[in-house]
Amino acid sequence: LLADLVDSTKTKFTKTPRFARNLIVIHNKVAVKAIVAKQGRVPKILGDAVVGLFSNNKGVDKAVECTIEIQKKVTSLNETPNNALRFKTRIAIVTGDIKWISYEGISDFISSAFDVLAKVIKQCEPGEIIYVGNEIPSISNDELRLRFHPWTYKLAKIKGILGVRKIYPINWKTASPG
């Protein structure tokens, strides 16, 4: 998954450097804490974005649960009285294989899924969670399955990626359809 702080570049130019830095730190802490709490790994923090990886065993369930927790925590922080650090995040989930590489003591990963993720995040609205794939993933948790509305996907042609992808919004505010 990729959790991206919305409008961080704009904030760097319209607010003080300290304000912008604090916003990024808070966003990234929220995302990292949620990923780790759902047994995910954080292989990269890309400035104002956090990458989370989840294993095959209920990995999609955990990723969806994680994204919901992130959005709920951001909403809660934004509703806190006297909090000047209001922000939004957008989160995309893509499934796929990754390959870990190590070179001279530095470990990293490569993945075509991450390439898709990095490009598709721009399709995600502020405060939204999306899943990108040609079919809804198999989710074992009934409550989470209700959050996907298979009839509401949109088709997107993503620059640099062959073919058309289906983008499914995930209803993170309620589990009931509609």
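Because the structure is a prediction, the values reported are computed rather than measured. (Residues numbered from 1 in each chain as written. Predicted model: local features only at pLDDT ≥ 70, side-chain atom pairs only at ≥ 80, totals over all residues. Heavy atoms only, no water.)

Novice: Residues and numbers for a nonpolar patch on the surface, please.
Specialist: A cluster of nonpolar residues, Tyr153, Leu155 and Val164, forms a patch on the protein surface that exposes about 280 Å² of accessible area. Inspection of the secondary structure puts Tyr153 in the loop between α5 (142–145) and β8 (154–157). (Patch = residues over 30% accessible without salt bridge, like charges linked within 9 Å, V, L, I, M, F, W, Y side chains within 5 Å. Areas by Shrake-Rupley, 256 points an atom, 1.4 Å probe, with all protein chains shown as cover. Salt bridge = Lys/Arg side-chain N within 4 Å of Asp/Glu carboxyl O. Helix = DSSP H or I, 4+ residues; strand = E, 2+ residues; numbered from the N terminus.)

Novice: Lay out the packing of aromatic side chains in plain terms, naming residues and giving numbers.
Specialist: Scanning all chains against the criterion turns up one aromatic pair. On the numbers, 6.3 Å between centres and 35° between planes, the contact of Tyr131 with Tyr168 is tilted. Of the two residues, Tyr131 is situated in strand β7 (residues 129–132) and Tyr168 in strand β9 (residues 164–169); the sequence distance between them amounts to 37 residues. With respect to burial, Tyr131 and Tyr168 carry one shared label: buried. The aromatic ring of Phe19 is capped on one face by Lys15, whose charged end is 5.4 Å from the ring centroid. (Phe/Tyr/Trp six-rings, centres within 6.5 Å; stacked < 30°, edge-to-face > 60°. Buried < 20%, exposed > 50% of the residue type's maximum accessible area, 1.4 Å probe, protein only. Lys NZ or Arg CZ within 6 Å of the ring centre and 35° of its normal.)

Novice: Could you give an account of the layout of surface pockets, with specific residues and numbers?
Specialist: A volume near 550 Å³ is recorded for the largest pocket. Lining the largest pocket are 25 residues, with Leu53, Phe54, Ser55, Val94 and Gly96 positioned closest to its centre. The set of elements that each furnish at least two residues to the lining of the largest pocket consists of β3 (49–53), α3 (59–78), β4 (89–94) and α4 (112–120). Here the residues of the lining of the largest pocket sort into 14 nonpolar, nine polar and two charged. (1 Å grid on protein atoms, 1.4 Å probe; cavity = no way out; pocket = protein on both sides within 12 Å on 5 of 7 lines; lining within 4 Å. Points joined across faces, edges and corners; volume = space filled by probe spheres on them. Nonpolar A, V, L, I, M, F, W, Y, C, P; charged D, E, K, R; others polar.)

Novice: Outline the pairing of β4, supporting the account with residue identities and numerical values.
Specialist: Burial of β4 is extensive: six of the six residues sit out of reach of the surface. Residue alternation in β4 divides its side chains into two sets, Thr89, Ile91 and Ile93 and Arg90, Ala92 and Val94, and both sets are buried. As judged from the four bridges shared by strand β1 (residues 2–5) and β4, these two strands associate in the antiparallel manner. Bridge assignment links Asp4 to a residue of β4, and that residue is Arg90. As defined by bridge partners, β4 adjoins β7 across four bridges and the pair is classed as parallel. Counterpart to Val94 in the pairing with β7 is Val132. (Pairing = 2+ DSSP bridges.)

Novice: I'd like a description of helix α2 (residues 17–37), backed by residues and values.
Specialist: The end-to-end C-alpha distance of α2, which contains 21 residues, comes to 30 Å, matching closely the 30 Å that a straight helix rising 1.5 Å per residue would cover. Within the span of α2, buried status applies to Ala20, Leu23, Ile24, His27, Asn28, Val30, Ala31, Ala34 and Ile35. Along the long axis of α2, the arc covered by the buried residues comes to 155°, so they all point the same way. For α2, the exposed residues lying more than 90 degrees away from the buried face are Arg18, Arg21, Lys29, Lys33, Val36 and Ala37. Tucked inside the fold, the buried residues of α2 contact β1, α1 (8–14), β2 (41–45), β3, α3 and β4. (Expected span 1.5 Å × (residues − 1). Arc of directions from axis to C-beta. Contact = heavy atoms within 4.5 Å.)

Purely geometric stuff here, so don't read any function into it on its own.
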